[in-house]
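Understanding the architecture of this molecule
Residue-level listing of the chains:
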Amino acid sequence: MPKKICVFCASSNSKDSIIVKETRKIGKIIASNNMTLVYGGAKIGLMGLIAKEVLKYNGKVIGVIPDILSKKEIINTDITKLYRVKNMHERKKKMYDLSQIFIALPGGIGTLEELSEIITWKSLNIKKTSIHLMNLNGFYDPLINQFHKMNDNKFLYFDIFKEIIIHDNTNTLEKYLK
C-alpha cells in the first residue's frame, strides 16, 4: 500500500525562489516514489504548487478543506480526491488519520499550528510517525532556536530533536520517505 505523505504549507505564494524550487522537488519526490500527497485542498499558494507538481508527475493528491475555506475559487477540484469537512479541527484530524509521514514546508500560523499539534501527538504516542521540518533557506531557524530555548528552560518533557527531522533541502528527505 503506497504511503500517504501529509504536507503542511502556506496557502500563499513565497517570494523566496529556493522555497518554491524545493516545494516543486518534494512534489516530484512524492509522485516518483508512488506516494500520495495529503494536503489542505487549496489550489493557491504553496499548497496549489505542490499539488500541481504531484499531479504533473502522475501522482495522487488528496485534499481536505473545511467549509469555512470552501470558496469555489480556492478549492482544488483537479485532484484525485477531495474531502470537505465542517471545520479546521476535522480537517487536521482527517489529514492526520490519512497520513503516515508529515512534512512541514515554510508557511504561516496555520502551518505552525499543524506542525505543533502533530509533534504533540507523536510525543504523547497518539500517532507513530516521522515528522520532517523543511528549514529551507533558514526559514525555520528562529523556531529551531525557540525549541532550544524551551528545552533549556525545561518546558519540554521530551527531546523535540528526536521527534522531528530537520532538513535544509530535499537532498536528505527522499531516503526518509521510502
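Residues numbered from 1 in each chain as written. Predicted model: local features only at pLDDT ≥ 70, side-chain atom pairs only at ≥ 80, totals over all residues. Heavy atoms only, no water.

1. As for the overall build of the chain
Per the secondary structure count, the chain includes 7 helices and 7 strands. Put simply, the chain runs from its N terminus to its C terminus through helices and strands in the order β-α-β-α-β-β-α-β-α-β-α-α-β-α. Taking 2.2 N^0.38 as the reference for a compact globule, 178 residues should give roughly 16 Å; the C-alpha atoms of the chain span a radius of gyration of 15 Å, in line with that estimate. With respect to the three principal axes, the spread of C-alpha positions in the chain is 45 × 35 × 35 Å. A buried classification covers 49% of the 178 residues belonging to the chain. (Helix = DSSP H or I, 4+ residues; strand = E, 2+ residues; numbered from the N terminus. Rg over C-alpha atoms; globule rule 2.2 N^0.38 Å. Buried < 20%, exposed > 50% of the residue type's maximum accessible area, 1.4 Å probe, protein only.)

2. Quick look at the pairing of strand S1 (residues 4-8)
Most of S1 is tucked away, with 5 of its 5 residues classed as buried. A two-sided burial pattern is seen for S1, the buried positions comprising Lys4, Cys6 and Phe8 on one face and Ile5 and Val7 on the other. Looking at chain direction, S1 and strand S2 (residues 36-39) are connected through 3 bridges and run parallel. Residue pairing for S2: Lys4 is matched across the bridge by Thr36. (Pairing = 2+ DSSP bridges.)

3. Points about the sheet that holds strand S5 (residues 101-104)
Sheet architecture is open: 7 strands sit in the order S4-S3-S2-S1-S5-S6-S7, paired in parallel fashion. Taken across any chain shown, the strands that pair with only one partner, and hence form the sheet edges, are strand S4 (81-85) and strand S7 (164-167). The mean inter-strand angle of the sheet, taken between neighbouring strand axes irrespective of direction, is 20 degrees. Along the sheet, helix H3 (residues 88-98) contacts S1, S2, strand S3 (60-66), S4 and S5; its crossing angle with S3, the most-contacted strand, is approximately 155 degrees. Against the sheet, helix H4 (residues 109-123) contacts S1, S5, strand S6 (130-134) and S7, and its axis sits at roughly 150 degrees relative to S6. (Axes fitted to C-alpha atoms, helices over the stretch in contact; angles between N-to-C directions. Contact = heavy atoms within 4.5 Å.)

4. As for the packing of H3 against H4
One way to put it is that H3 packs onto H4 with a least axis distance of 12 Å and a crossing angle of 55 degrees. Classified by the angle their axes make, H3 and H4 are oblique. Crossing of H3 against H4: the hand is right-handed. Between H3 and H4, the contacting residues are Arg91, Lys92, Lys93, Met95 and Tyr96 on the first element and Glu113, Glu114, Glu117, Ile118 and Trp121 on the second. (Parallel < 35°, antiparallel > 145°, perpendicular 65-115°, else oblique. Left-handed = near helix turned anticlockwise from the far one by under 90°.)

5. Considering the confidence of the model for the chain
Confidence in the prediction for the chain averages 94 pLDDT; 98% of positions are at 70 or higher. No element of the chain has a lower mean pLDDT than helix H7 (residues 173-177), which averages 87, and none a higher one than S2, which averages 98. (pLDDT = per-residue confidence, 0-100.)

6. A closer look at the packing of aromatic side chains
Scanning the entire structure with this criterion turns up 7 aromatic pairs. Taking the centre distance of 4.9 Å and the plane angle of 90 degrees together, the rings of Phe139 and Tyr140 count as edge-to-face. When its relative accessible area of 37% is taken as the criterion, Phe139 is described as partly exposed. Between Tyr157 and Phe158 the ring centres are 5.2 Å apart and the planes differ by 80 degrees, which places this aromatic pair in the edge-to-face class. By way of ring pairs, the aromatic residues Phe8, Tyr96, Phe102 and Trp121 are connected into one cluster. (Phe/Tyr/Trp six-rings, centres within 6.5 Å; stacked < 30°, edge-to-face > 60°.)

7. Observations regarding the nonpolar core
Residues Val7 and Leu37 are the most contacted members of the largest nonpolar core, which totals 29 residues. Of all the elements in the fold, those that place two or more residues in this core are S1, helix H1 (17-32), S2, helix H2 (45-56), S5 and H7. With residues near it in sequence (within four places) discarded, Leu37 still touches Ile5, Val7, Ile30, Ile50, Ala51, Val54, Lys60, Val61 and Ile62. With 25 residues, the next largest nonpolar core counts Leu98, Ala104, Leu115 and Phe158 among its residues. (Core = buried A, V, L, I, M, F, W, Y, C linked by side-chain atoms within 4.5 Å.)

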